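One-letter residues, chain by chain:
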Amino acid sequence: MTAILQAHDLRWSVRGRTIIRDVSMSTHAGETVGVLGPNGSGKSTLIRLLAGLRPCESGQVLLEGRPIGRLSKRALARKVAVVEQEASSSLELGVEDVIGLGRIPHRPAWAPATTADRERVAWAAGQTDVLECLDRSYSTLSGGERQRVQIARALAQEPTVLLLDEPTNHLDIRHQLELLSLVRSTPVTSVVALHDLNLAATYCDRVFVLAGGRVVAGGPPSTVLTAELIADVYGVRARVEPLEHGVSIRVIEPL
Ligand SMILES: Nc1ncnc2c1ncn2[C@@H]1O[C@H](COP(=O)(O)OP(=O)(O)OP(=O)(O)O)[C@@H](O)[C@H]1O
């Protein structure tokens with residue numbers, strides 16, 4: 001299997017506090033990898049380090065075997081698309097233009113959008129169910145619509161790697177399922193920070209669980225997401241039942 005995005009011994013601190021420590025992980029071509037863990041465990045910080053939005057204090061992130069720090073911003077943007085948790089809501093752009101931002105790394109500076117660019121934008125909008133919003137102003141969209149537009153922008157970027165920080169946050173149940181099923185079905189290698197363990201168990205090929213900035217478990221969801229691990233990491237009692245493909249998790253009470 002080809003390793004696409006790899007992290008080796010990542011460490012990141014702020015104001016003397018280490019937020020990410022000794023984190024190593026790798027993703028293979030086409031995989032959907034979940035990053036799980038309680039609030040404050042370091043999921044968003046890890047996504048930013050993997051995206052090259054923050055330099056690591058030590059360790060390194062490799063994209064197709066090359067350190068991402070050595071890639072130009074433009075070369076990185078052609079390969080890696082990231083959707084962070086809180087997309088700006090004050091963006092005074094039309095929805096089509098926001099999705100079109102994903103096309104910028106693919107054409108020469110200042111060149112206008114081509115027909116192929118516009119087709120790609122329409123395709124991405126269709127994939128994320130926002131075609132009806134294309135001629136609206138981005139600032140008038142609901143939280144869930146904005147989230148889907150940001151995912152469309154990332155898909156329009158035609159990345160090799162898609163990094164999503166809690167992409168289901170503002171979405172209703174149907175759009176949560178549709179989005180993760182879309183992420184899983186694309187050939188793009190995806191790393192997705194998630195809170196919902198059942199969604200992770202259903203849609204991720206592998207999961208990494210963070211606690212206190214360290215990876216405490218990693219592997220297929222049905223192996224990793226045991227009642228013991230959930231008790232240790234989240235401090236809740238859960239019933240985990242095997243399904244034909246994966247596991248079903250019912251959280252019963254805090255411990
Ligand atoms: N720039 C910063 N300055 C100070 N503290 C920070 C900074 N960035 C992250 N942290 C702290 O690092 C820890 C990890 O934050 P992070 O956002 O990565 O966690 P998370 O797992 O994504 O949490 P959540 O589930 O709540 O979104 C938190 O305690 C956070 O307050």
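About the criteria used
Residue indices follow the written sequence of each chain, beginning from 1 at its first position. Only residues with pLDDT of at least 70 get local features here, since the model is predicted, and only at 80 or more are side-chain atom pairs given and counted; chain-wide, interface and lining totals rely on the full set of residues. By convention in this description, side-chain values take in all heavy atoms of the structure and omit both hydrogens and water. Note on conventions: DSSP H or I runs of at least 4 residues are helices, E runs of at least 2 residues are strands, and numbering of each starts at the N terminus. The globule rule used for comparison is 2.2 Å times the number of residues to the exponent 0.38, while the radius of gyration itself is calculated over C-alpha atoms. Three labels apply to residues, based on accessible area from a 1.4 Å probe with only protein chains included: buried if under 20% of the type maximum, exposed if over 50%, partly exposed otherwise in between. Any two residues whose heavy atoms approach within 4.5 Å at even a single point are treated as in contact. Accessible areas in this description were obtained via Shrake-Rupley with a 1.4 Å probe; residue shielding takes into account the shown protein chains only. None of His or the chain ends enter the tally, which takes Lys and Arg as positive and Asp and Glu as negative. Lys charges are placed at NZ, Arg charges at CZ, Asp charges at CG and Glu charges at CD. Salt bridge, as used here, is a side-chain nitrogen of Lys or Arg placed within 4 Å of a carboxyl oxygen of Asp or Glu. Neighbouring residues are identified by heavy atoms, a residue being near a molecule or strand if any of them is within 4 Å of it. Each polar contact in these results corresponds to two N or O atoms within 3.5 Å; when the atoms are within protein, one needs to be able to donate a hydrogen and the other to accept it, and residues that are neighboring in sequence are counted only if both atoms are side-chain atoms. Two strands are counted as paired when DSSP detects at least two bridges linking them. Here a cavity means grid points, on a 1 Å grid over the protein atoms only, where a 1.4 Å probe fits yet cannot get out; a pocket means an open set of points with protein on both sides within 12 Å along at least five of seven lines; lining residues are those with an atom within 4 Å of a point. Grid points are joined across faces, edges and corners, and a volume is the space filled by probe spheres set on the points. For this classification, the nonpolar set comprises Ala, Val, Leu, Ile, Met, Phe, Trp, Tyr, Cys and Pro, the charged set comprises Asp, Glu, Lys and Arg, and every other residue, Gly included, is treated as polar. Axis definition: a line fitted to C-alpha atoms, limited for helices to the stretch in contact. Angles are taken between N-to-C directions and run from 0 to 180 degrees. Working definition: roughly parallel below 35 degrees, roughly antiparallel above 145 degrees, roughly perpendicular at 65 to 115 degrees, and oblique for all remaining angles. Left-handed describes a crossing whose near helix is turned anticlockwise from the far helix through less than a right angle; right-handed describes the clockwise counterpart.

Q: Can you lay out the overall build of the protein chain for me, pointing to particular residues and giving the numbers?
A: The secondary structure content of the protein chain amounts to nine helices and twelve strands. Its C-alpha atoms give the protein chain a radius of gyration of 18 Å, near enough to 18 Å, the size a compact globule of 255 residues would have. When the 255 residues of the protein chain are sorted by exposure, 47% land in the buried category. Sequence-distant contacts, at least 24 apart, represent 64% of the contacts inside the protein chain between residues at least 6 apart. Carbon and sulfur atoms make up 50% of the accessible area of the protein chain, which amounts to about 12,400 Å² in all. Here the protein chain contributes 28 positive and 28 negative side-chain charges, whose respective centroids are spaced 7 Å apart.

Q: Lay out the pattern of salt bridges in plain terms, naming residues and giving numbers.
A: Where charged atoms from two side chains of opposite charge come close, those side chains can pair. Considering all chains together, one arrives at twelve salt bridges under this definition. We note a salt bridge from K79 to E64, for which the minimum N-O separation is 3.0 Å. With a gap of 15 residues between them, K79 in helix α2 (residues 73-79) and E64 in the loop between β4 (58-63) and β5 (66-67) connect regions that are remote in the sequence. The exposure class of E64 is partly exposed, given its relative accessible area of 40%.

Q: Describe the site of the ligand, listing the residues and the values that go with them.
A: Close to the ligand lie 15 residues, the nearest being R17, G40, K43, S44 and T45. Separating an oxygen atom of the ligand from a backbone N or O atom of G40 is a distance of 2.8 Å. Looking at the shell around the ligand, the elements that each hand over two or more residues are β2 (17-28) and α1 (43-51). Of the residues forming the shell around the ligand, the biggest block, three residues, is contributed by α1.

Q: Go over the sheet that holds β4 with me, naming the residues and quoting the values.
A: Read across the open sheet, the four strands follow the order β2-β1-β4-β5; overall the sheet is antiparallel. The sheet is open, and its two edges are formed by β2 and β5, each paired on a single side. Inspection of the sheet shows strand β1 (residues 3-14) paired to β2 by eight bridges, in the antiparallel sense. Pairing of L10 across the sheet is with V23, part of β2.

Q: Kindly report on the layout of surface pockets, identifying the contributing residues and their values.
A: When its volume is computed, the largest pocket comes out at roughly 530 Å³. Along the wall of the largest pocket there are 27 residues; nearest its centre are A51, G52, L53, K73 and L76. Those elements giving two or more residues to the lining of the largest pocket turn out to be α1, β4, α2 and β6 (80-83). When residues of the lining of the largest pocket are assigned to their parent elements, the largest contribution, four residues, is made by α2. Residues that form the lining of the largest pocket fall into these classes: 16 nonpolar, seven polar and four charged.

Q: I'd like a description of the environment of R174, backed by residues and values.
A: As for its position among the elements, R174 is in helix α6 (residues 173-185). Residues R174 and A77, spaced 97 residues apart in sequence, show a C-alpha to C-alpha distance of 30 Å. Engagement of the side chain of R174 in a polar contact is seen with the side chain of E178, the distance being 2.8 Å.

Q: Which residues make up the environment of E241, and what values go with them?
A: Its place among the elements puts E241 in strand β11 (residues 236-243). Spatially, the C-alpha atoms of E241 and C56 are 38 Å apart, while their sequence positions differ by 185 residues.

Q: Report on the packing of helix α4 (residues 115-127) against helix α5 (residues 143-156), specifying residues and quantitative values.
A: At a minimum axis distance of 8 Å, the contact between α4 and α5 shows a crossing angle of 135 degrees. Compared by their axis directions, α4 and α5 come out oblique. Along this stretch, α4 crosses α5, giving a crossing that reads as right-handed. Residues R120, W123, A124, A125 and Q127 of α4 form the contact with α5, whose participating residues are A152, L155 and A156.

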